[in-house]
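Residue strings, one per chain:
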Amino acid sequence: MTLHIPATEAQACAIVKSVIESGTPLSIIGGNTRAGLGRPTQTQSTLSSAGLTGITLYEPSEMVIGARAGTPLALVQETLAARGQMLPFEPMDHRALLGSEGEPTIGAVAAGNVSGPRRINAGAARDSLIGIRLVNGRGEAIKSGGRVMKNVTGLDLVKLVSGSYGTLGFLTEVIFRVLPVPERVVTLVWRGLSDEAAVALLSAALGSPFEPFAAAHLPEGIGADQARTLLRLENFSDSIDYRSRELGDLLRVHGAPEMIEGEASLELWHDVRDARFFSGTEEAVWRLSLAPTLGPKATATISARVPGARWFYDWGGGLVWLAVPAGEDAAAGAIRAAIKPLGGHATLVRAPAAIRASVPVFEPLAEPLMRVSTGIKTSFDPAGIFEPGRIYAGT
Amino acid sequence: MSAIAFPVPDQSILARRDAIIAGLARLVPAEALITSADERRPYETDALTAYRRLPMAVVLPSTTQEVAAIMKFCGEQGVPIVPRGAGTSLAGGAIPQEDAVVIGVSKMNRILAIDYANRVARVQAGVTNLAVTGEVSAEGFFYAPDPSSQLACSIGGNIGMNSGGAHCLKYGVTTNNVLGVTLVMLDGSIVEVGGAHLDAPGLDILGLIVGSEGQLGVVTEATVRILRSAEGARPVLFGFPTSEEAGAAVAAIIGAGIIPVAMEFMDKPAIEICEAFAKAGYPMDVEALLIIEVEGSDTEMDAQLARIVAIAREHGVKTVKESQSAMESAAIWKGRKSAFGATGRIADYICMDGTIPTGQLPYVLRRMDEIVKGYGLRVANVFHAGDGNLHPLILYNCNDPVEAQKAEDAGMDILKLCVEVGGCLTGEHGVGIEKRDLMTFQFNPEDLNQQMRVRAVFDQAWLLNPAKVFPLEGRVAA
Ligand SMILES: Cc1cc2nc3c(=O)[nH]c(=O)nc-3n(C[C@H](O)[C@@H](O)[C@@H](O)COP(=O)(O)OP(=O)(O)OC[C@H]3O[C@@H](n4cnc5c(N)ncnc54)[C@H](O)[C@@H]3O)c2cc1C
Ligand SMILES: Cc1cc2nc3c(=O)[nH]c(=O)nc-3n(C[C@H](O)[C@H](O)[C@H](O)COP(=O)(O)OP(=O)(O)OC[C@H]3O[C@@H](n4cnc5c(N)ncnc54)[C@H](O)[C@@H]3O)c2cc1C
């Protein structure tokens, strides 16, 4: 087991070239806080971004920040906060859910397209990622995108790399678009709603002119005895007063909401963002992605087939976090069968390695999409040295 | 003027023209196949009218299956294909070549389903951009990307170019507003990518397809996000004595944590051209104009505007003029959105589309002026100030070949300037043929080779819109 920690992009290129010659596959890590994600891979050496750190560019008035891939996410966030700005997509911290340690890196946020509750309004990490530098499987340093937010020059490799989990190459630098921190943030909470009623409430709110930035539903037993339906508003203070009044009025059939603000609101959304309701248990955890109104349909079918299933909804109902007894196969068959007819997909986020090795972690792709994906992997990494088998067995 | 090269037409294909047309005729109804020179003529160029090539044939399929059959046939016959929406590309992205078949999606112009609860619409690729908003506006919804050409341009073309518009500062461009597509590949296979959910499994193929300029396949349908409109919107005109002050005001507004829905810049020549056309009440005694739009309830807009006006005053604003009515707002936007058309009434122009870091604005404006004057020409500037996407319009006379060449050279110098200051060749119009040969200026060979290797996954033989995006020399196929 060799650990490579290049201090420069040129060194990273040299390491990759030497690996191609020896034919030993490479794992890529940042802070390794998501090591438990995906299919377990068997590689003898690891390429770490830990030696590539530091902010490379920050122009608050241009709303853009760049950093080397191994820069701790926390440093990026502190740098932005000092100037009243933030990453638009509220990246999840996987440590609570996965029970892992280490320091999450900005490169892995890009590599994993890691987004949080704000995704529903402000887009995913991939929508804010505007530039990358990457060492491909030929040992070449390439760039795509840049530091300006409007850029359609050539094929958008940035999008491909975002969400590729290190399978296409080793990121050395990433550039994100950023946004101002809102003047005020509040959460409106309705209690006691069924899943269907809650998602109807969230849909009505998201289809209103009052712009919720986050919309979640925690059924009873998730963090509290009573079910809670959450809408988060972010704006100038006067607008918050006005919009929460209007929303209360629009949604009055669901009862009057309580308004929480400050630390209580922040903590609640951290729980949602990081799926902390499922931390420290033995359950397997899935992430289902569907059209929002289909969320409750999926969970109803699943709970009828999988005793002990628990869940909550983010993204207005379109993201279901689902915990099930790990069992033999994390109930993969029942879960995938339930959502297939609904047009969504399921990713196994947490499970013992034996299950992640035997159950497809990512939704298996139909042909010809699978062929295209394999072709793209090969176009970046012809020798198949990066994270072989991390996303799909055999690629 | 013919500075930009096209691939030499393949004589072996031209020699098989009759057989190829007969083959196509077996795949689509007679009225969907256009073969006579007269009827092919409207397809010989797009909005980059200085270049034209008559295609071998034009097919206007009505279904995804027809597109698949045509693609498979052309793929097997080795015949180049040029996908086409409405042909409004400013980069020459839809210009055909003599040995190619144009696949136009204009007949596939239906809105298939609207789902307000999930805030998505399923549309065919040939539907116009504005028709989507038109269909959902009665319910208070809209489709966010709003290119100035939105009355004509198609969703398929918007996906091809990853088009933007005046309001993308807040709402993003096409790639941020498309959730799924049906793509027909060169071998005729039909791929469903994404859907009504927010993230697709596996690699982000959708993100790759958006902005791929018809080089990966033909998009026949798309699932797009529709958003609820704000309660109200109000554009306000801010006139500044200098461009520098206008630029500094934009930076200060963003620095204060305010992201207006739109911040559009016009310089004096552009103000004059647009005012003469739209009678929008633009101030004529200023050097630079910002159109800033705010959204929300009346009280919210008042509050946001008060903040913006205070910042503008700190930066020497001379005139502030708020729209007093819906009609006035419409006139203000009409002036801006018809900037290209209005310019076209007084002169021929080429429109550049580079993006720059906004901090470089004063320097770039000064240099652009010098560059264009150096060629003895005039320039009018309109651009999306919030994101640094420039649209200098270089005025010339297309009947004068020397002047035309100068205009093209000046444009290329400006794009190089954009790259030099840390920006890019194209912010929203695409590379097409126009900027193809400048790609090596922004990208090194490894960057371009990686893009071409990804392209090869979809089209080994360089049949899909082959004259575009990548320089004709040095192409790789795997
Ligand atoms: C298979 C898999 C599935 C995941 N699913 C989800 C999900 O469903 N939802 C969600 O929100 N998050 C998901 N993630 C999490 C996300 O990928 C986080 O990886 C990220 O922010 C980790 O920070 P870290 O520095 O601790 O990363 P690490 O744990 O060190 O690495 C995480 C991933 O990023 C890659 N990576 C790290 N650094 C680089 C680099 N410099 N260049 C290229 N690749 C790099 C690694 O190869 C690895 O695949 C998933 C991750 C993996 C691997
Ligand atoms: C007056 C004027 C104003 C404009 N304003 C703006 C603006 O504000 N913002 C902006 O971004 N652009 C603007 N444009 C440029 C142009 O309108 C856009 O690029 C538009 O998206 C092109 O759409 P289209 O349907 O005309 O596509 P076409 O010009 O027909 O094609 C554009 C590209 O997409 C490909 N393509 C088309 N349809 C498909 C399909 N179904 N599948 C795969 N590939 C396809 C073509 O091969 C070509 O490469 C403007 C143009 C004009 C003339």
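**Regarding the overall build of chain B**
If you tally the helices and strands in chain B, you get 17 helices and 18 strands. By the compact-globule yardstick of 23 Å for 478 residues, chain B fits well, its C-alpha radius of gyration being 23 Å. Its C-alpha atoms give chain B principal-axis dimensions of roughly 70 × 55 × 45 Å. Burial analysis of chain B (478 residues in total) assigns 63% to the buried set.

**With respect to the side chain of Asp 127 of chain A**
The residue Asp 127 of chain A is located in helix 6 (residues 125-128) in this model. A distance of 3.0 Å separates polar atoms of two side chains, one belonging to Asp 127 of chain A and the other to Arg 126 of chain A. Side chain to side chain, Asp 127 of chain A and Asn 176 of chain B meet in a polar contact 2.8 Å long. Setting aside residues up to four positions removed in sequence, Asp 127 of chain A forms contacts with Arg 119 and Arg 177 of chain A together with Thr 175 and Asn 176 of chain B.

**Observations regarding the domain arrangement of chain A**
Reports often express the size of an interface as the amount of accessible area lost when the parts come together. Residue and element names in this part refer to chain A. Under the domain assignment used here, chain A contains domain 1 (2-180), domain 2 (184-273) and domain 3 (276-358). Placing the centre of domain 1 and that of domain 2 at their C-alpha centroids yields a distance of 32 Å. If you look at the interface, domain 1 gives 10 residues, while domain 2 gives 10 residues. Surface buried jointly by domain 1 and domain 2 totals about 830 Å² across both partners, of which 54% is contributed by carbon and sulfur atoms. On the domain 1 side of the interface with domain 2, the three residues burying the most area are Pro 117, Arg 118 and Asn 121, jointly 52% of the side's total. Summed over the shared surface of domain 1 and domain 2, the number is two salt bridges. Close ionic contact of Glu 234 with Arg 118 constitutes a salt bridge, the shortest N to O distance being 2.8 Å.

**As for the environment of Gln 442 of chain B**
Relative to the helices and strands, Gln 442 of chain B is located in helix 16 (residues 439-442). If we ignore the near neighbours within four places in the chain, the residues touching Gln 442 of chain B are Lys 143, Asn 151 and Thr 153 of chain A together with Val 419, Cys 424 and Leu 425 of chain B. A polar atom in the side chain of Gln 442 of chain B sits 3.0 Å from the backbone nitrogen of Leu 425 of chain B.

**Remarks on the site of ligand 2**
All names here are of chain B. The environment of ligand 2 is formed by 34 residues, the closest being Pro 83, Thr 88, Ser 149, Ser 154 and Ser 163. The separation between an oxygen atom of ligand 2 and a polar side-chain atom of Ser 149 is 2.5 Å. Within the complex, 95% of the 970 Å² of free accessible area of ligand 2 lies under protein. No other element matches the five residues that helix 6 (residues 155-161) contributes to the shell around ligand 2. For the shell around ligand 2, the per-class residue count stands at 13 nonpolar, 18 polar and three charged.

**Considerations on the pairing of strand 17 (residues 378-384) of chain B**
Residues and elements named next belong to chain B. Across the seven residues that make up strand 17, a large majority, six, are buried. With seven bridges connecting them, strand 17 and strand 18 (residues 389-396) associate as antiparallel partners. Considered in strand 18, the bridge of His 384 is made with Asn 389. Where strand 17 folds back on strand 18, the antiparallel hairpin that results is connected by four residues, among which Gly 388 adopts a positive phi of roughly 75°.

**A word on the interface of chain A and chain B**
On the side of chain B, 84 residues touch chain A, which itself brings 68 residues to the contact. Interface of chain A and chain B: buried area, both sides summed, is about 6300 Å²; carbon and sulfur atoms make up 58% of it. Together, Lys 150, Val 152 and Leu 155 of chain A form the three largest contributors to the area buried by chain A at its contact with chain B, with a combined 14%. Here Asp 204 of chain B and Arg 126 of chain A are joined by a salt bridge, their closest N and O atoms 2.8 Å apart. Seen at the junction of chain A and chain B, the total is 27 residue pairs in polar contact (both at pLDDT 80 or more).

**Some details on the packing of aromatic side chains**
Residue and element names in this part refer to chain A. According to the stated counting rule, one finds 11 aromatic pairs over all chains in the structure shown. Ring plane angle 75° and centroid distance 6.3 Å describe the contact between Phe 210 and Tyr 242, whose orientation is recorded as edge-to-face. Remark: Tyr 242 occurs in helix 9 (residues 237-250) and Phe 210 occurs in the loop between helix 8 (195-206) and strand 12 (214-218); sequence separation between them is 32 residues. Relative accessible area serves as the criterion here: at 16%, Tyr 242 is assigned to the buried category. An aromatic cluster is defined as three or more aromatic residues linked by ring pairs; in this entry it consists of Phe 277, Phe 278 and Phe 312. A cation sits over an aromatic face here: Arg 232 above Trp 269, 5.0 Å from the ring centre.

**Concerning the domain arrangement of chain B**
Residues and elements named next belong to chain B. Here the domain parsing of chain B yields domain 1 (111-228), domain 2 (233-339) and domain 3 (347-436). Inter-centroid distance (C-alpha atoms) of domain 1 to domain 2 is 29 Å. On the domain 2 side, the residues contacting the eight residues of domain 1 number 11 residues. Between domain 1 and domain 2, a total of about 820 Å² is buried, with carbon and sulfur atoms accounting for 55% of that surface. Looking only at domain 1, the three residues that lose the most surface to domain 2 are Ala 166, His 167 and Leu 169, adding up to 57% of its buried area. Put simply, domain 1 and domain 2 have two salt bridges between them. Close ionic contact of Lys 337 with Asp 146 constitutes a salt bridge, the shortest N to O distance being 3.1 Å. Along the contact surface separating domain 1 from domain 2 lie five residue pairs in polar contact (both at pLDDT 80 or more).

Thresholds, definitions, all that
Residues numbered from 1 in each chain as written. Chains lettered and ligands numbered in written order. Predicted model: local features only at pLDDT ≥ 70, side-chain atom pairs only at ≥ 80, totals over all residues. Heavy atoms only, no water. Helix = DSSP H or I, 4+ residues; strand = E, 2+ residues; numbered from the N terminus. Rg over C-alpha atoms; globule rule 2.2 N^0.38 Å. Buried < 20%, exposed > 50% of the residue type's maximum accessible area, 1.4 Å probe, protein only. Polar contact = N/O pair within 3.5 Å; in protein donor to acceptor, adjacent residues only side chain to side chain. Contact = heavy atoms within 4.5 Å. Domains from an automatic or database assignment. Buried area = accessible area lost by both parts, 1.4 Å probe. Salt bridge = Lys/Arg side-chain N within 4 Å of Asp/Glu carboxyl O. Near = heavy atom within 4 Å. Areas by Shrake-Rupley, 256 points an atom, 1.4 Å probe, with all protein chains shown as cover. Nonpolar A, V, L, I, M, F, W, Y, C, P; charged D, E, K, R; others polar. Pairing = 2+ DSSP bridges. Phe/Tyr/Trp six-rings, centres within 6.5 Å; stacked < 30°, edge-to-face > 60°. Lys NZ or Arg CZ within 6 Å of the ring centre and 35° of its normal.

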